[in-house]
Amino acid sequence: QVQLVESGGGLVQAGGSLRLSCAASSSTYAMGWFRQAPGKEREFVAAINWSGLSKYYADSVKGRFTISRDNAKNTVYLQMNSLKPEDTAVYYCATGSSFTKSSGDYAYWGQGTQVTVSS
């Protein structure tokens, strides 16, 4: 069992930046970030494989967000630049054995951190 805790969310103006962190209680394999806005389905944001050499990004965040990991700290990060109001959501990190874009493939989830981008 793996416990995940997200942090770094907050309120920023459009065009600003935030860096989200997700600390795991133990080592992990693939890790991903997902987000969910009120009344919306949870959607994929980014994923990274165990080594950090392979990454996936949703088209909506490509070129603006960067996922990275530090295995020595059991931590994954999401650097978010050029934020837009449509990025507003609760952001969740997750881990699983497969490197995929599907939320159903991840076994463990954090509690989420709120990101709000004002126009």
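Residues numbered from 1 in each chain as written. Predicted model: local features only at pLDDT ≥ 70, side-chain atom pairs only at ≥ 80, totals over all residues. Heavy atoms only, no water.

Before going further, it helps to examine the overall build of the protein chain. For the protein chain, the helix and strand inventory stands at 0 helices and 11 strands. In the protein chain, the succession of α and β elements from N to C terminus is β-β-β-β-β-β-β-β-β-β-β. Its C-alpha atoms give the protein chain principal-axis dimensions of about 40 × 25 × 25 Å. Taken across its 119 residues, the protein chain has 43% of its residues classed as buried. When contacts within the protein chain are restricted to residue pairs at least 6 apart in sequence, those whose partners lie at least 24 apart make up 57%. Of the roughly 6100 Å² of accessible surface on the protein chain, a fraction of 46% belongs to carbon and sulfur atoms. Computing the positive centroid from 11 side-chain charges and the negative centroid from 8, the protein chain places the two 5 Å apart. (Helix = DSSP H or I, 4+ residues; strand = E, 2+ residues; numbered from the N terminus. Buried < 20%, exposed > 50% of the residue type's maximum accessible area, 1.4 Å probe, protein only. Contact = heavy atoms within 4.5 Å. Areas by Shrake-Rupley, 256 points an atom, 1.4 Å probe, with all protein chains shown as cover. Lys, Arg positive; Asp, Glu negative; His and termini not counted. Charge placed at Lys NZ, Arg CZ, Asp CG, Glu CD.)

A word on the packing of aromatic side chains. Each aromatic ring pair is specified by the distance between its two centres and by the angle formed by the two planes. Going through the model one piece at a time under the given rule, you end up with 5 aromatic pairs. On the numbers, 5.7 Å between centres and 75° between planes, the contact of Phe34 with Phe44 is edge-to-face. Taken together, the residues span a long stretch of sequence, with Phe34 in strand β4 (residues 30–36) and Phe44 in strand β5 (residues 43–48) at a distance of 10 residues. According to the relative accessible area criterion, Phe34 is buried, its value standing at 1%. For Phe44, a relative accessible area of 13% corresponds to the buried category. Of the aromatic side chains, those joined through ring pairs into one cluster are Phe34, Phe44, Tyr106 and Trp109. It is Arg42 that lies over the ring of Tyr92; its NZ or CZ is 4.4 Å from the centre. (Phe/Tyr/Trp six-rings, centres within 6.5 Å; stacked < 30°, edge-to-face > 60°. Lys NZ or Arg CZ within 6 Å of the ring centre and 35° of its normal.)

Using the criterion set out here, one finds 4 salt bridges in the structure. Here Asp59 ties to Lys62 by a salt bridge, and the two come within 3.4 Å at their closest N and O atoms. In this structure, Asp59 and Lys62 share a single accessibility class: exposed. Here Asp87 and Arg64 are joined by a salt bridge, their closest N and O atoms 2.8 Å apart. Here the residue Asp87 occupies a position in the loop between β8 (75–80) and β9 (89–96), and Arg64 occupies one in the loop between β6 (55–57) and β7 (65–70), the gap between them amounting to 23 residues. Each of the two residues, Asp87 as well as Arg64, counts as buried. Within the structure, one salt-bridge network assembled from shared partners comprises Arg35, Glu43, Arg64 and Asp87. (Salt bridge = Lys/Arg side-chain N within 4 Å of Asp/Glu carboxyl O.)

A word on the environment of Asp70. Counting through the fold element by element, Asp70 comes out in strand β7. A relative accessible area of 25% places Asp70 in the partly exposed class. A polar side-chain atom of Asp70 sits 3.1 Å from the main-chain amide nitrogen of Ala72. (Polar contact = N/O pair within 3.5 Å; in protein donor to acceptor, adjacent residues only side chain to side chain.)

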